[in-house]
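In case you want the letters, here they are:
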Amino acid sequence: MELLKQRILAEGCALNADVLLVDSFLNHQVDVVLMQAIGQAFAAVFAGRGATRVVTVESSGIAPAMATAFHLGLPLVVCKKQASRILAQDVWQAQVRSFTRGIQYELTLKRAFMPAGERVLLIDDFLASGEAALGVLNVLRQAQAELIGVGIVIEKAFQNGRNRLAEQGCTVHALARIAKMGPGEIVFAE
Ligand code: 5GP
């Protein structure tokens, strides 16, 4: 997505070879016009695949996921990052290691919001090691729902998230794919 790539080049800041800061338009300050273009782009890719729900992980995934759900006319469900002492009765949970914070959290999805048989499109802001997406896949499997696609705003293609998801049979579509980066340098993959 050309518009997105231009914003990444203009405003993105590679803190090091692994972490990209895009907080001026994606996940701290949010450009809602860009978000709605992102939602439209994902809707064009995933329309016709029979999704019945869009799912994301709080909090950075919410803006692009909401725009996508709006354009597809689907409900949006937000997985929470909560401590494990939460009631285990009415929720599905999976342990996930946070890429940016380096801590473990319990990805939590209330059972009532994911009935069996749902066909789910996962939208998230970044794909790095794939931990968050695999956590979502885990809770969806517990719920007997099917992950029909994964839409990622920015994929760091030099990390192994896509391969780990492919091993689980998941299709990933990223709007921008970064091949390598470092201070002052961001190179997109083909
Ligand atoms: P993964 O679980 O694939 O390792 O990492 C994905 C999650 O970590 C995303 O939901 C995102 O919030 C966060 N993340 C991963 N890499 C980056 C990055 O380079 N920059 C920012 N801002 N967040 C990232």
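In what follows, the accompanying structure is described. On a predicted model such as this, the values are computed, not experimentally measured, just so you know.

Some thoughts on a nonpolar patch on the surface
Move 1: Nonpolar side chains collect at one region of the surface, where Val30, Val32 and Val33 lie side by side and expose about 270 Å² of accessible area between them.
Move 2: Within the secondary structure, Val30 sits in the loop between strand 2 (20-21) and helix 2 (32-46).
Move 3: A relative accessible area of 35% places Val30 in the partly exposed class.

Topic: helix 3 (residues 62-72)
Move 1: Along helix 3, the residues classified as buried are Pro64, Ala65, Ala67, Thr68 and Ala69.
Move 2: Check the buried side of helix 3 and you find it contacts helix 2, strand 3 (53-57), strand 4 (76-82), strand 7 (119-127) and strand 8 (146-156).
Move 3: A positive backbone phi angle near 70° is found at Gly73, which sits one or two residues after helix 3.

A closer look at the pairing of strand 9 (residues 172-182)
Move 1: In this sheet, strand 9 lies alongside strand 8 in parallel orientation, the contact comprising six bridges. Paired with Val150 across the strands is Val172, a residue of strand 9.
Move 2: Relative to strand 10 (residues 185-188), strand 9 is paired through four bridges, and the arrangement is antiparallel. The residue of strand 10 that forms the bridge with Lys180 is Val187.
Move 3: Linking strand 9 back to strand 10 in an antiparallel pair, the connection comprises two residues, with Gly184 at a positive phi of about 80°.

Comments concerning unusual backbone geometry
Move 1: Cis geometry is found at the peptide bond from Glu58 to Ser59, where omega equals -10°.
Move 2: Of note in this structure, Gln144 is not a glycine but carries a positive phi near 60°.
Move 3: Among the structural elements, Gln144 can be located in the loop between helix 4 (131-142) and strand 8.

Considering the site of the ligand
Move 1: Every one of the 16 residues lining the ligand counts as a neighbour, but Leu20, Ser129, Gly130, Ala132 and Lys156 are closest to it.
Move 2: At a separation of 3.1 Å, an oxygen atom of the ligand approaches a polar side-chain atom of Asp125.
Move 3: Taking Ser129, its side chain carries an N or O atom lying 2.5 Å from an oxygen atom of the ligand.
Move 4: Contact with the protein chains hides 90% of the accessible area of the ligand, taken as 510 Å² for the molecule alone.
Move 5: With respect to the detected pockets, the ligand is housed in the largest pocket.

A few points about the packing of aromatic side chains
Move 1: Going through the model one piece at a time under the given rule, you end up with one aromatic pair.
Move 2: When the ring of Phe42 is compared with that of Phe46, the centres are 6.3 Å apart and the planes differ by 40°; the resulting orientation is tilted. Remark: Phe46 and Phe42 occur in helix 2; sequence separation between them is four residues, near one turn of the helix. Comparing Phe42 with Phe46 shows no difference in burial state: the two are buried.
Move 3: In this structure, Lys81 packs its charged tip against the face of Tyr105, placed 5.2 Å from the ring centre.

Cut-off values and rules
- Residues numbered from 1 in each chain as written.
- Predicted model: local features only at pLDDT ≥ 70, side-chain atom pairs only at ≥ 80, totals over all residues.
- Heavy atoms only, no water.
- Patch = residues over 30% accessible without salt bridge, like charges linked within 9 Å, V, L, I, M, F, W, Y side chains within 5 Å.
- Areas by Shrake-Rupley, 256 points an atom, 1.4 Å probe, with all protein chains shown as cover.
- Salt bridge = Lys/Arg side-chain N within 4 Å of Asp/Glu carboxyl O.
- Helix = DSSP H or I, 4+ residues; strand = E, 2+ residues; numbered from the N terminus.
- Buried < 20%, exposed > 50% of the residue type's maximum accessible area, 1.4 Å probe, protein only.
- Contact = heavy atoms within 4.5 Å.
- Pairing = 2+ DSSP bridges.
- Near = heavy atom within 4 Å.
- Polar contact = N/O pair within 3.5 Å; in protein donor to acceptor, adjacent residues only side chain to side chain.
- 1 Å grid on protein atoms, 1.4 Å probe; cavity = no way out; pocket = protein on both sides within 12 Å on 5 of 7 lines; lining within 4 Å.
- Sits in = over half its atoms within 2 Å of the grid points.
- Phe/Tyr/Trp six-rings, centres within 6.5 Å; stacked < 30°, edge-to-face > 60°.
- Lys NZ or Arg CZ within 6 Å of the ring centre and 35° of its normal.

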